[in-house]
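# Summary of structural features
Each chain, letter by letter, is given below.
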Amino acid sequence: MIRFAIISASVVFGASLACAEGIAPQQVQFEDGAIAASLTGVAGDPVSGAELMNKGSGNCIACHAVTELEHLAFHGEIGPPLDGVADRWTEEELRGIVADAKQMFEGTMMPSFYKVSGFTRLGDDYTGDAHPGGEVTPLLTGQEIEDVVAYLMTLKEE
Amino acid sequence: MRRKDRMRNQVALGLAISALAFGASAEPDDDRLVVNGEIEMVTETAAPEHMEGVKTIYSGWRFRSDETQAFQIDDFDNPSMIWVETAQEVWETPEGAADKSCSSCHEGVESMAGIKAVYPKWSDAAGKVVTLEQQVNNCREERMEAEAWKYDGGDMTNMIALLASVSRGMPVNVAIDGPAQSTWEQGKDIYYTRFGQLEMSCANCHEDNYGNMIRADHLSQGQINGFPTYRLKNTKLNAVHARFKGCVRDTRAETFKPGSPEFVALELYVASRGNGLSVEGPSVRN
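The structure presented is a predicted model; accordingly, all values stated were derived computationally and were not measured.

## With respect to unusual backbone geometry
Negative phi is the rule for most residues except glycine; trans is the rule for most peptide bonds. Residues and elements named next belong to chain B. Of the consecutive residues Tyr119 and Pro120, the connecting peptide bond is found in the cis state with omega at 0°. For Pro120, the position within the fold is in the loop between helix H4 (102-106) and strand E5 (121-123). Cis geometry marks the peptide bond from Phe227 to Pro228; its omega dihedral reads -5°. Turning to its location among the elements, Pro228 is positioned in the loop between strand E8 (217-218) and strand E9 (229-231). The backbone of Asp99 shows a phi angle near 50°, a positive value even though the residue is not glycine. Assignment of secondary structure puts Asp99 in the loop between helix H3 (81-91) and H4. Since its relative accessible area comes to 55%, Asp99 is described here as exposed. A positive phi angle is found at Arg252, which is not glycine, with a value near 55°. Judged by its relative accessible area of 11%, Arg252 falls in the buried class.

## Regarding the interface of chain A and chain B
At the junction of the two partners, chain A supplies 49 residues and chain B supplies 37 residues. Approximately 3800 Å² of surface area, both sides summed, lies buried where chain A meets chain B, with 55% of it carried by carbon and sulfur atoms. Three residues, Glu77, Met109 and Arg121 of chain A, lead the burial of chain A against chain B; their summed loss comes to 22% of the area buried on that side. Where chain A packs against chain B, one counts four salt bridges. The interface formed by chain A and chain B contains 18 residue pairs in polar contact (both at pLDDT 80 or more). Here the residues of the side of chain A that touches chain B sort into 24 nonpolar, 14 polar and eleven charged.

## Regarding the side chain of Asp147 of chain A
All names here are of chain A. By the secondary structure assignment, Asp147 is in helix H5 (residues 142-152). Although Asp147 is buried, it makes no salt bridge; Arg95 carries the closest opposite charge, 10 Å away. Discounting residues that sit within four places of it in the chain, Asp147 has contacts with Gly44, Asp45, Pro46, Ser48, Gly49 and Leu52.

## A word on the state of the cysteines
Tallied over the full model, the rule gives zero disulfides over all chains. Of the cysteine sulfurs around Cys60 of chain A, a residue in no disulfide, the closest is that of Cys63 of chain A, at 9.2 Å. Sulfur of Cys202 of chain B: no disulfide; nearest cysteine sulfur belongs to Cys247 of chain B and is 7.0 Å away. Relative accessible area serves as the criterion here: at 23%, Cys202 of chain B is assigned to the partly exposed category.

## With respect to the packing of aromatic side chains
Residues and elements named next belong to chain B. Enumeration over the complete set of coordinates arrives at eleven aromatic pairs over all chains. When the centroid spacing of 6.3 Å and the interplanar angle of 90° are considered together, the rings of Phe63 and Tyr210 count as edge-to-face. With a gap of 147 residues between them, Phe63 in the loop between strand E4 (56-58) and helix H2 (66-70) and Tyr210 in the loop between helix H8 (202-206) and strand E7 (213-214) connect regions that are remote in the sequence. Judged by relative accessible area, which is 3%, Phe63 ranks as buried. With relative accessibility at 25%, the residue Tyr210 sits in the partly exposed group.

## Describing the environment of Leu69 of chain A
All names here are of chain A. One can find Leu69 in the loop between helix H2 (46-54) and helix H3 (85-88). Through-space distance from the C-alpha of Leu69 to that of Ala99 is 22 Å; in sequence the pair is 30 residues apart. Apart from the residues within four sequence positions on either side, Leu69 is in contact with Met53, Ile61, His75 and Tyr151.

## A closer look at helix H7 (residues 181-192) of chain B
Residue and element names in this part refer to chain B. Across its twelve residues, H7 extends 17 Å between first and last C-alpha, which sits within 8% of the 16 Å expected from 1.5 Å per residue. Every buried residue of H7 is listed here: Thr183, Trp184, Gly187, Ile190 and Tyr191. Viewed end-on, H7 has its buried residues packed into an arc of 115°, placing them on one side of the element. Set apart from the buried face of H7 by more than 90 degrees, the exposed residues are Ser182 and Asp189. Lining the buried residues of H7 we find strand E6 (128-130), H8 and helix H10 (261-272).

## Structural notes on empty space enclosed by the protein
All names here are of chain B. Applying the stated criterion across every chain yields a total of three cavities of 30 Å³ or more. For the largest cavity, the calculated volume is near 210 Å³. Along its surface, the largest cavity is lined by 21 residues, and Lys116, Tyr119, Ile224, Phe227 and Glu267 are the ones closest to its centre. Elements with a contribution of two residues or more to the lining of the largest cavity: helix H5 (132-143), helix H6 (154-165) and H10. Among the elements that make up the lining of the largest cavity, the one with the highest residue count is H10 (three residues). For the lining of the largest cavity, a count of residues per class yields 14 nonpolar, four polar and three charged.

Here is what the cut-offs are and how they apply
- Residues numbered from 1 in each chain as written.
- Chains lettered and ligands numbered in written order.
- Predicted model: local features only at pLDDT ≥ 70, side-chain atom pairs only at ≥ 80, totals over all residues.
- Heavy atoms only, no water.
- Helix = DSSP H or I, 4+ residues; strand = E, 2+ residues; numbered from the N terminus.
- Buried < 20%, exposed > 50% of the residue type's maximum accessible area, 1.4 Å probe, protein only.
- Contact = heavy atoms within 4.5 Å.
- Buried area = accessible area lost by both parts, 1.4 Å probe.
- Salt bridge = Lys/Arg side-chain N within 4 Å of Asp/Glu carboxyl O.
- Polar contact = N/O pair within 3.5 Å; in protein donor to acceptor, adjacent residues only side chain to side chain.
- Nonpolar A, V, L, I, M, F, W, Y, C, P; charged D, E, K, R; others polar.
- Lys, Arg positive; Asp, Glu negative; His and termini not counted.
- Disulfide = S-S within 2.5 Å.
- Phe/Tyr/Trp six-rings, centres within 6.5 Å; stacked < 30°, edge-to-face > 60°.
- Expected span 1.5 Å × (residues − 1).
- Arc of directions from axis to C-beta.
- 1 Å grid on protein atoms, 1.4 Å probe; cavity = no way out; pocket = protein on both sides within 12 Å on 5 of 7 lines; lining within 4 Å.
- Points joined across faces, edges and corners; volume = space filled by probe spheres on them.

So, in structure tokens, the structure goes:
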């Protein structure tokens, strides 16, 4: 009973903390595939965004080539190269595409980085086991999305 | 519409840029595979009629580097052959309460030439589509009265490699109609289902993007005519269901189990996408 109380207290605390941090994945509003407002209210950090391009759950260059990151090995050819991407898309559109590209491009292979439901046979990370149930962690946090978007906004050619 | 055009232009521009900037090849190479100077392998042929999205099918060998390809050209260089030799001994060794070996019924393993090419196949006795692994275990339990092997364990994979080796050069030719059809349809459904948190299907990589690089991997068509496969990456023979499992796991999904009805169905479907390619197993890949 006491344990239950502690758990529920921490759940409530966790939930309010998530709210304080910004817009949860389930609450995101897309408009023509774009997300108008920052997910966190905290400006994205392009340096951290550049890191995420290369590793972690971002690993954007697995599929997209970026000339500016040419010092990193093995850029993919699955999606379009991102050179000059900020000339072609607005910040709001890039936020929408990184969060859930399927909203903009129906059927795209690109994973949805800020989505927590609607999966088929959701696993527990990369273990191959079933997800244990409960809260699903999105591939990137709201702030990480903002960081990636901030980095992408630096990729201008014009 | 405007947005779609913009994307299409971007993709076209993008392909041109990436070819220039990184010089990666987007196609399988033109190399010819002749094993031991005598087994001519068909590594490229017209896609079977049932395939809608692909015109030409290619063995995964064609997507590998010259260095990796070389390992498969001569059995002395193919690391798989150690385990094929092990299985050859097992073939002739009596085991189980019936004191029988494989060769007690089948004689020399050469008598099994052509078998690997047509599995998975419908079994009247089992009343379902069975894989070669299941057939081997059926023999072990029913005829030899020995214990079944682990579906994707070493003993089994070695034996499948031996059985594949005597079919090398023969065309894959699995039946997809008649009683096998519903299993084949189930496998096709699985092939096109986007699994896991990454929401990826087999088709996303191996139909829509073969030839392209995904990070350091040159995506092939995911053909399974070369299984079991020795991978330089893990330096062992890999069973086809173990490979399926790895792929599904990497989509952050709950996998199916080796030997499960789902993977049997998927194997039949994927094998049928390679109908016409040569049996290459045991092959070498990276």
